[in-house]
Amino acid sequence: MHSVEETIEVSVPVRTAYNQWTQFKTFPRFMSWVRRVDQVRPAVLVWVIGSGPVRREFAAEILEQVPDSHLTWRSLGRGPSHRGRVSFRPTAAGGATVTVRMEFAPRGLTGMPARVPGLTGRVVRRELGNFKEFIEGLGEECGAWRGVIRNGHVRPLEPEPPRSRVPNWPVG
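Residues numbered from 1 in each chain as written. Predicted model: local features only at pLDDT ≥ 70, side-chain atom pairs only at ≥ 80, totals over all residues. Heavy atoms only, no water.

## Structural notes on the packing of aromatic side chains
Going through the model one piece at a time under the given rule, you end up with 11 aromatic pairs. Pairing Trp 21 with Phe 27 gives two aromatic rings, centres 5.2 Å apart and planes at 75°, and the pair type is edge-to-face. According to the relative accessible area criterion, Trp 21 is buried, its value standing at 7%. Overall, Phe 27 belongs to the buried group, its relative accessible area being 2%. Centre to centre, the rings of Trp 47 and Phe 58 are 6.4 Å apart; their planes meet at 5°, and the pair counts as stacked. Taken together, the residues Trp 47 in strand S3 (residues 44-51) and Phe 58 in strand S4 (residues 54-66) connect sequence positions 11 residues apart. In this structure, Trp 47 and Phe 58 share a single accessibility class: buried. (Phe/Tyr/Trp six-rings, centres within 6.5 Å; stacked < 30°, edge-to-face > 60°. Buried < 20%, exposed > 50% of the residue type's maximum accessible area, 1.4 Å probe, protein only. Helix = DSSP H or I, 4+ residues; strand = E, 2+ residues; numbered from the N terminus.)

## Structural notes on the environment of Gly 143
Note on placement: Gly 143 falls in the loop between helix H4 (119-138) and strand S8 (148-150). Along the sequence, Gly 143 and Gln 20 sit 123 residues apart, while their C-alpha atoms lie 6.4 Å from each other. Residues in contact with Gly 143, not counting those within four places in the same chain, are Asn 19, Gln 20 and Gln 23. (Contact = heavy atoms within 4.5 Å.)

## Focus: H4
Taking 1.5 Å of rise per residue, 20 residues should cover 28 Å, and H4 covers 29 Å from first to last C-alpha, within 8% of that figure. For H4, the full list of buried residues reads Thr 120, Gly 121, Val 123, Val 124, Glu 127, Leu 128, Phe 131, Phe 134 and Ile 135. Looking straight down H4, one finds that the buried residues subtend no more than 160° of arc, so they occupy a single side. Across H4 from its buried face, at more than 90 degrees, point the exposed residues Glu 133 and Gly 137. (Expected span 1.5 Å × (residues − 1). Arc of directions from axis to C-beta.)

## A word on the packing of helix H1 (residues 14-21) against H4
At a closest axis distance of 11 Å, the pairing of H1 and H4 adopts a crossing angle of 115°. Taken together, H1 and H4 sit at an angle that is classed as roughly perpendicular. Here the hand of the crossing between H1 and H4 comes out right-handed. Each of Thr 16, Ala 17, Gln 20 and Trp 21 in H1 lies in contact with H4, whose residues at this interface are Leu 128, Phe 131, Phe 134, Ile 135 and Leu 138. Of the residues belonging to the contact of H1 with H4, the class tally is 7 nonpolar, 2 polar and no charged. (Axes fitted to C-alpha atoms, helices over the stretch in contact; angles between N-to-C directions. Parallel < 35°, antiparallel > 145°, perpendicular 65-115°, else oblique. Left-handed = near helix turned anticlockwise from the far one by under 90°. Nonpolar A, V, L, I, M, F, W, Y, C, P; charged D, E, K, R; others polar.)

## Description of the environment of Trp 47
On the basis of relative accessibility, which here comes to 12%, the residue Trp 47 falls in the buried class. Residues Trp 47 and Val 37 lie 10 residues apart in sequence; the distance between their C-alpha atoms is 4.6 Å. With residues up to four places along the chain from it excluded, the contact list for Trp 47 reads Phe 24, Phe 27, Val 34, Arg 36, Val 37, Arg 56, Glu 57, Phe 58 and Ala 60.

Printed below as a string of structure tokens:
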């Protein structure tokens, strides 16, 4: 099993960075290797990645997702298997650090690029740089999904704190 870990600091709050990361359909706008992402269920995505005429399609399951904290996934089906985690942490300056850690087991010819020393790390680093440029250029997220996933299952959202029934009256 090979692994790679890359971190980048972005000049937007954790909430903004996390919210944008949950918008998988926008990945082709900033990730050069991602051609398409289809969310078939809340916790299952179908990815099409590649460069030039070479394409590879695979499904991935989101195992755990906690707003403003992290998201973990694993690939499904045949082909090179991988799993990963992206985490979001606040910085002292009000921005966020985004860390991507991936582990993969290259198999067959489709796993050849993963066997080239340093290649996967360079690709992840470049794609994180593209994310930084994209989110800082926007200044805000294009959307958000604030749900929680545990063990591949969507959990109900945390209940909102009680609100006063009197308009403009503080609770407390």
